[in-house]
Amino acid sequence: MIARRCLILLFLLLPVAKAEDSALPRVHLSLGFYIIEAEVAATPEARMQGLMGRKSLNEHNGMLFVFPEVLRHCMWMKNTLIPLSVAFLDEAGHIINIREMEPLSEESHCADAPARFALEMGKGWFGKKGFKAGDSVRFPQGMGRIPGK
């Protein structure tokens, strides 16, 4: 119940805009000096759908998965047509680990430690920009740590 209240509070604090091709809210994150426009998948349905069926993803666009619990979450690429990289993040936005994922694969790609978020970008994006475990994604004001934790 506390996690649900925290997520509700979190999304009241988010700067939200509608995506042209998606009904999901978007948020601007920063990593280094890069700005990432990420769709926010915070409901079970949105997390299940993810980027399935998409044929492309702009370079600085991605999807931020918000999990209701801090656990060792895993991702897969079933019905996902584009290659992706996923960075698993702790509650403060620190990258735990990054995994490269192939399209249409049912292989599990898991966080090395309990994670609150997963950020999917085009395959190789994190490596090409020089990001690695320990680097921090900066969230909009009020979104960093989950309130009450």
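What counts as what
Throughout this document, residue positions are counted from 1 along each chain, in the order its sequence is written. Where totals are concerned, whole chains, interfaces and linings use all residues; where local detail is concerned, this predicted model gives features only for residues with pLDDT of at least 70, and gives and counts side-chain atom pairs only at 80 or more. Values shown for side chains rest on all heavy atoms present in the structure; no hydrogens or waters enter the calculation. Here a helix means four or more residues in a row that DSSP labels H or I, a strand means two or more in a row labelled E, and each is numbered from the N terminus. For this analysis, a polar contact is any N or O atom pair within 3.5 Å, provided that within protein one partner can donate a hydrogen and the other can accept it, and provided that sequence-adjacent residues contribute only side-chain to side-chain pairs. In what follows, salt bridge is the name for a side-chain nitrogen of Lys or Arg lying within 4 Å of a carboxyl oxygen of Asp or Glu. For each residue, the accessible area found with a 1.4 Å probe, counting protein chains only, is set against the maximum for its type, and the residue is called buried under 20%, exposed over 50%, and partly exposed in between. In plain terms, two cysteine sulfur atoms within 2.5 Å form what is called a disulfide here. What makes two strands pair is DSSP finding at least two bridges between them. To qualify as a nonpolar core, a set must consist of buried Ala, Val, Leu, Ile, Met, Phe, Trp, Tyr and Cys residues joined through side-chain atoms within 4.5 Å. Note on contacts: a residue pair is in contact if any heavy atoms of the two residues lie within 4.5 Å.

Caption draft 1: Broad picture of the side chain of S85. With respect to the helices and strands, S85 occurs in strand β6 (residues 84-89). At a separation of 2.4 Å, a polar atom in the side chain of S85 contacts the side chain of E100.

Caption draft 2: Broad picture of the pattern of salt bridges. Scanning the entire structure with this criterion turns up 8 salt bridges. The salt bridge partner of R116 is E91, with a shortest N-O separation of 3.2 Å. Within this pair, whereas R116 is found in strand β9 (residues 115-122), its partner E91 is found in the loop between β6 and β7 (95-101), the two being separated by 25 residues in sequence. Look at R116 and you get buried, because its relative accessible area is 2%. In this structure, the salt-bridge partner of K123 is E102, at a minimum N-O distance of 2.0 Å.

Caption draft 3: Region of interest: the state of the cysteines. Taken as a whole, this structure holds 1 disulfide when the rule is applied. Between the sulfur atoms of C74 and its disulfide mate C110 the distance is 1.9 Å. Disulfide C74 to C110: torsion about the S-S bond roughly 105 degrees, handedness right-handed. Taken as a pair, C74 in strand β5 (residues 74-75) and C110 in strand β8 (residues 109-110) lie far apart in primary sequence, 36 residues in all.

Caption draft 4: Fine view of unusual backbone geometry. In this structure, N79 is a non-glycine residue whose phi angle is positive, near 65 degrees. For N79, the location among the structural elements is in the loop between β5 and β6. The class of N79 is partly exposed, set by a relative accessible area of 43%. Here the phi dihedral of L104 falls at roughly 60 degrees; this positive angle occurs in a residue that is not glycine. Among the secondary structure elements, L104 is positioned in the loop between β7 and β8.

Caption draft 5: Summary view of the pairing of β6. Of all 6 residues in β6, 6 are buried, a share of seventy percent or more. In terms of strand pairing, β6 meets β7 through 6 bridges, oriented antiparallel. Across the sheet, residue L84 finds its bridge partner in β7, namely M101. In sequence, β6 turns back onto β7 through a hairpin of 5 residues, with G93 there showing a positive phi of about 95 degrees. Bridging between β6 and β9 involves 6 bridges; their strand directions are antiparallel. The partner of L84 across the bridge, within β9, is G122.

Caption draft 6: Layout of the pairing of β9. Of all 8 residues that make up β9, 7 are buried, and the element is covered over most of its length. Pairing of strand β4 (residues 61-71) with β9, which is carried by 5 bridges, proceeds in the antiparallel orientation. Its bridge partner being in β9, V66 is matched across the sheet by F117.

Caption draft 7: Expanded view of the nonpolar core. Membership of the largest hydrophobic core comes to 21 residues, with the highest contact counts inside it found for L29, L64, L89 and L119. Where this core is concerned, the elements lending two or more residues are β2 (25-31), β3 (34-41), β4, β6, β9 and α3 (125-128). It is β3 that provides the largest number of residues to this core, a total of 4 residues. Here L89 is in contact with L64, H94, I95, I96, A115, R116, F117, L119, V137 and F139, once residues within four sequence places are set aside. A41, V86, F88 and A111 belong to the second largest nonpolar core, which has 18 residues in total.

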